[in-house]
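Summary of the model geometry
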Number of protein chains: 4
Amino acid sequence: MESDWLDQSIVAKRGIGWSKKGRLHDLTEAMQGKYHNTIGPYSDPVLTVSLGDTIKVETHDAFEGAIRTEQDKPTPLTATLNEPLPELTRKIHVDEKHVRWSTRVTLPYNPHIGTLSTSPEIDSINSLTPDSHGGNMDLPDMGPGSITYLPVRTAGGRLFIGDAHACQGDGEVCGTAVEYPSTTIIRVDVIKGWTLEWPRLEREAFIMAIGSARPLEDATRIAYRELVMWLEAEYGFDRWDAYMMLSQCGRVRLGNFVDPKYTVGAGIAKSWLAP
Amino acid sequence: MESDWLDQSIVAKRGIGWSKKGRLHDLTEAMQGKYHNTIGPYSDPVLTVSLGDTIKVETHDAFEGAIRTEQDKPTPLTATLNEPLPELTRKIHVDEKHVRWSTRVTLPYNPHIGTLSTSPEIDSINSLTPDSHGGNMDLPDMGPGSITYLPVRTAGGRLFIGDAHACQGDGEVCGTAVEYPSTTIIRVDVIKGWTLEWPRLEREAFIMAIGSARPLEDATRIAYRELVMWLEAEYGFDRWDAYMMLSQCGRVRLGNFVDPKYTVGAGIAKSWLAP
Amino acid sequence: MESDWLDQSIVAKRGIGWSKKGRLHDLTEAMQGKYHNTIGPYSDPVLTVSLGDTIKVETHDAFEGAIRTEQDKPTPLTATLNEPLPELTRKIHVDEKHVRWSTRVTLPYNPHIGTLSTSPEIDSINSLTPDSHGGNMDLPDMGPGSITYLPVRTAGGRLFIGDAHACQGDGEVCGTAVEYPSTTIIRVDVIKGWTLEWPRLEREAFIMAIGSARPLEDATRIAYRELVMWLEAEYGFDRWDAYMMLSQCGRVRLGNFVDPKYTVGAGIAKSWLAP
Amino acid sequence: MESDWLDQSIVAKRGIGWSKKGRLHDLTEAMQGKYHNTIGPYSDPVLTVSLGDTIKVETHDAFEGAIRTEQDKPTPLTATLNEPLPELTRKIHVDEKHVRWSTRVTLPYNPHIGTLSTSPEIDSINSLTPDSHGGNMDLPDMGPGSITYLPVRTAGGRLFIGDAHACQGDGEVCGTAVEYPSTTIIRVDVIKGWTLEWPRLEREAFIMAIGSARPLEDATRIAYRELVMWLEAEYGFDRWDAYMMLSQCGRVRLGNFVDPKYTVGAGIAKSWLAP
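Residues numbered from 1 in each chain as written. Chains lettered and ligands numbered in written order. Predicted model: local features only at pLDDT ≥ 70, side-chain atom pairs only at ≥ 80, totals over all residues. Heavy atoms only, no water.

Secondary structure assignment for chain A yields 3 helices and 16 strands. Expected size for 275 residues packed as a compact globule is a radius of gyration near 19 Å; at 19 Å, chain A falls within 12% of this value. Overall, the C-alpha framework of chain A stretches about 55 × 45 × 40 Å when taken along its three principal axes. For chain A, with 275 residues in total, the buried portion stands at 55%. Contacts spanning at least 24 positions in sequence make up 69% of the contacts within chain A whose residues lie at least 6 apart. When the accessible surface of chain A is summed, it comes to about 12,100 Å², and 51% of that surface belongs to carbon and sulfur atoms. Between the averaged position of the 28 positive side-chain charges in chain A and that of its 37 negative side-chain charges there is a distance of 3 Å. (Helix = DSSP H or I, 4+ residues; strand = E, 2+ residues; numbered from the N terminus. Rg over C-alpha atoms; globule rule 2.2 N^0.38 Å. Buried < 20%, exposed > 50% of the residue type's maximum accessible area, 1.4 Å probe, protein only. Contact = heavy atoms within 4.5 Å. Areas by Shrake-Rupley, 256 points an atom, 1.4 Å probe, with all protein chains shown as cover. Lys, Arg positive; Asp, Glu negative; His and termini not counted. Charge placed at Lys NZ, Arg CZ, Asp CG, Glu CD.)

In structure tokens:
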């Protein structure tokens, strides 16, 4: 994640701790405790970090290692009157370059984390549910070279991470990505005086506002509304000019539309943001 | 549209008329008649073409030239109890390279047609409504270098075209793109024996199935379902393998989510389709 | 329909033709013509009536008599990846008191018309699609003793009627009601100077505003918004008082949620409307 | 709640503790503790009851007494680009017969509880969110003379109650009902060996299955699906016969469509359930 552009990133411009490098922490699976599949303020933290620290997190796959053979099945979905689709499990080879989907198809390795969040103010919820605190957003953009900005709603700025994917399509349509146990290294900083209502993401080429809701229209409206307000508040655009301009150059990424809430990112290329 | 890849396109492989080049027709505004803003089987065609013919269509802007100054306003949306947003009109400079959005922002010229359709079987509807026959899909991918495949539902294979955009963001969030009068040249062919339920699109790098419905989830489900069935029927994939694979490499394009029905394209890179 | 309350109805108070009784017209199936399953302004009327006239309409069942045995199947729905539900047809006995659903269950005869509409301004659409002009709303309240108010969008005030039901549950959940051929008698009047955006319904005990849209939230929002505006415009309520009051005493009827657009009625008891 | 029909109720037929009357417990506000606005398994119970016990619960109003004058405002909704509606507060007189809405309108007193739930298995969530464990369903049917059946997901069968309403319209359209502090008396029993996926409700005249989801269609589908399965499992109906029959006689109640999830009840008159 040591690309050059990070010195020009929002966190570099606004952050107070970015310049100093902190400790490296190891967060092993053994440390992660009983309620690691919930996101909330009630349980005790498993690790305490300081500004600028880097954390090396061991993450389970999404099924917590419970799916070991192609005969093991994930949890069923909301029942309908229709027969459910067949539940299939496939184990595939993943390495640092390739996802060998089948003898016919090899997909590129595009690692990212599905779940990243701070803690909601009073809820302690299944990490599968994304919302304004982050959560299981399943955005393929949230991989190496990206910075995610999350609101802080509880004392201590609790942080949750998990659900690494070796690659994922838009919408994660069958309900799972290429889930795998991984070791993820993140660096953590706090930007004081910057209040976010919803998560945001930055990469070298674009910025993105993220909304999670149902129906999918509501997620898209939240994401675009946040992006409009962001352009107004920090990039000097008139609100209605930003709104009309995004109708010409906004880009939408569908995270997943299989979770309890669906996630949409609305982004704009940084090249249109120059003063 | 004379790129080399067209010889390797689906229409080239399946089409019967593509090889022979037909006449060039001029379809002027004056010829387009009274009900040109409806799509249906009842009115008489304004032009009759043969397989392989090319048509040069003059299209109005989306407001049929009625918006001439920045004081003219488009039609209001479905009323809510909230005050509506301010209705603003902006006239901007467009040329073959640039869309000069403002003194600060110049966007790239990315021309495409918002509306392309055959005729529904019995309806004669406002061209603003997309459905399984096509219609106002507002997909920025539907520009030069693309091939759109539409189902034929009425004798004569009626075709409708309009709503050219100089550029458009995903979702067309404020309700309009950069609308302009244009002259569009399309070549028309018929593929016999290929029955489509929903529109499809092909570009050099990918194929895409297109769904239009509300809520937005339904449009996305239709698009992905069509793509799964397409991979099964014509590319030799097992249905459930295709479904799971798209969960890893499918790409979603949001057309618009401001129309009477919303449009979503679900695509896959051709590179994963090699036998 | 000659209940006493009709003299106190909205149409009696506002209508100009209600007091005089006009001719009785017979509209047989034979007269109904080629495009009787579309609603629109293009085809010629099959009957011309004057204010205050009464019309006796023969209606087909919803399948136009095509389903004659329990082996005949209705049209399939939008395909999904799931296996569709089994398509079953049941012929049952209906008389003027009972719907004999099975040897075990006899339901009450509650006749109403599923489809009632004027013509949209420019569309000529499948009568299955409800919208602001009316259409296939499938509201069980639209039976004997009710008055439906529809907007006039085309010269001549074209009127369409069909899809009689012997009874129907809220939502028409399996896609059909107890469909039967019937003879429906309606009386028609015009209220000049009353502009409606969406259909409205009146019965002795309540008034109802009707919205049709997808998703179902949008239909509900439209219906409640219309009812708020109605209470403000004609019953002397402050807009926000009406809005808050409906949150305490509004009643919702789900018409169908199986059509291309879903229909919701939002009503209020007349007893709360006294000055 | 001592109506005669309770002896014929589902709980009487299936329950094991109903016949014996237990203790009466007082649950005062002072006992209710820190996280009383969350529903979940982590905090310690504030009262432990035995089968057949009766509990007298003091409930706050929905705003926990924080709204004391008409100048106090409730929390704002999800932001949109539109100006929000004006936030108005009205204090009104409620007694055991009437809700005096205004000098013009007096509504009937129809008390019910908005929130009733057991605990989700692993979440500890804002009580405003209804789901398969119950929660803030806002169904006006959930008042005196009703029995609510809830699934037990955690050891001890934790129970949460709150949000009493003096009356409420379908959909609770402005976001609040007539909220008031009240004392609610409920009797609690456990039915062993009866596994529910979603809440159910029984009154003298009907049974109802309850679904909570977004979009509103999903809530309606869940409720009807549960009712179909209930008729199959316990009333001897064939699944598809039940499904088709509900299309003729099912009744829908919209709880609220302003919560994080919307609630719909699908019911059937007991008169159609006789063997």
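Take the interface of chain B and chain A next. Contacts between the two partners involve 50 residues from chain B, matched on the other side by 50 residues from chain A. Interface area lost by chain B to chain A is led by Arg104, Met244 and Gln248 of chain B, which between them contribute 16%. Taken together, the links from chain B to chain A amount to 4 salt bridges. For arginine 90 of chain A, the salt bridge goes to aspartate 241 of chain B, with nearest N and O atoms at 2.7 Å. Joining chain B to chain A, the criterion identifies 36 residue pairs in polar contact (both at pLDDT 80 or more). Where the side of chain B that touches chain A is concerned, the elements lending two or more residues are β6 (106–108), α2 (216–235), α3 (239–249) and β15 (251–254) of chain B. Here the element with the most residues in the side of chain B that touches chain A is α3 of chain B; it accounts for 9 residues. Across the side of chain B that touches chain A, the residue classes tally to 31 nonpolar, 10 polar and 9 charged. (Buried area = accessible area lost by both parts, 1.4 Å probe. Salt bridge = Lys/Arg side-chain N within 4 Å of Asp/Glu carboxyl O. Polar contact = N/O pair within 3.5 Å; in protein donor to acceptor, adjacent residues only side chain to side chain. Nonpolar A, V, L, I, M, F, W, Y, C, P; charged D, E, K, R; others polar.)

Residue and element names in this part refer to chain A. In this model helix α2 (residues 216–235) runs 27 Å from its N-terminal to its C-terminal C-alpha over 20 residues, within 8% of the 28 Å that 1.5 Å per residue would give. With 15 of 20 residues buried, α2 lies mostly within the body of the structure. Following α2 by one or two positions, glycine 236 has its phi on the positive side, about 75°. (Expected span 1.5 Å × (residues − 1).)

So, on to the relation of the copies chain B and chain A. Mapping one chain copy onto the other needs a rotation about an axis and a shift along that axis. Placing chain B over chain A gives an RMSD of 0.0 Å and needs a rotation angle of 180°, together with 0.0 Å of translation along the axis. Within this description, the copies of the chain are treated as partners about a two-fold rotation axis. By C-alpha distance to the rotation axis, the residue of chain B lying nearest is leucine 216 of chain B, at 2.9 Å. In this assembly, 100% of the residues forming the interface of chain B have copies in chain A that are likewise at the interface, indicating an isologous arrangement. (Least-squares fit on C-alpha atoms with pLDDT ≥ 70 in both.)

Here we come to unusual backbone geometry. The phi torsion of most residues other than glycine is negative, and most of the peptide bonds are trans. Residue and element names in this part refer to chain A. Of note, the amide linkage connecting arginine 214 to proline 215 takes the cis form, showing an omega dihedral of -10°. As for its placement among the helices and strands, proline 215 is situated in the loop between β14 (206–213) and α2. One non-glycine residue, glutamate 172, lies in the positive phi region at around 45°. Relative to the elements of secondary structure, glutamate 172 occurs in the loop between β11 (159–165) and β12 (182–187).

Attention now goes to the confidence of the model for chain A. Averaged over every residue, the pLDDT of chain A is 92; residues scoring 70 or more account for 96%. Overall fold confidence for the complex sits at a pTM of 0.96, while the interface term, ipTM, reaches 0.95. (pLDDT = per-residue confidence, 0-100.)

On to the sheet that holds strand β3 (residues 54–59) of chain D. All names here are of chain D. A sheet is described by the order of its strands in space; here 3 strands give the open sequence β1-β3-β12, paired in mixed fashion. The two strands at the open ends of the sheet, each matched to only one other strand, are β1 (24–27) and β12 (182–187). Direction aside, the axes of adjacent strands within the sheet are offset by 20° on average. As paired elements, β1 and β3 share 4 bridges and run parallel to each other. Paired with aspartate 26 across the two strands is lysine 56, which belongs to β3. (Pairing = 2+ DSSP bridges. Axes fitted to C-alpha atoms, helices over the stretch in contact; angles between N-to-C directions.)

What follows covers the nonpolar core. If you look at the biggest cluster of nonpolar residues, it comprises 101 residues, and the most contacted ones within it are Leu231 and Ile268 of chain A together with Leu231 and Ile268 of chain B. Setting aside anything within four residues of it in sequence, one finds leucine 231 of chain B in contact with Ile207, Gly236, Phe237, Ala242, Met245, Leu246, Ile268 and Leu273 of chain B. Leu216 and Leu231 of chain C together with Ala209 and Met245 of chain D belong to the second-largest nonpolar core, a separate cluster that totals 100 residues. (Core = buried A, V, L, I, M, F, W, Y, C linked by side-chain atoms within 4.5 Å.)

What follows deals with the side chain of aspartate 141 of chain D. Along the polypeptide, aspartate 141 of chain D turns up in the loop between β9 (134–136) and β10 (147–149). Among the polar contacts made by the side chain of aspartate 141 of chain D, one reaches the side chain of arginine 253 of chain D at a distance of 3.0 Å.

The next subject is the sheet that holds strand β16 (residues 262–269) of chain D. All names here are of chain D. Reading across the sheet, the 5 strands line up as β10-β13-β14-β16-β15 and stay open at both edges, with antiparallel pairing between neighbours. Unpaired on one side and paired on the other, β10 and β15 (251–254) mark the two borders of the sheet. In this sheet, neighbouring strand axes are inclined to one another by 25° on average, regardless of whether the strands run parallel or antiparallel. Here β15 runs beside β16; their pairing, made up of 4 bridges, is antiparallel. If you follow arginine 253 over to β16, its bridge partner there is glycine 265. Docked against the sheet, helix α2 (residues 216–235) engages β13 (200–202), β14 (206–213), β15 and β16, running at close to 140° with respect to β14.

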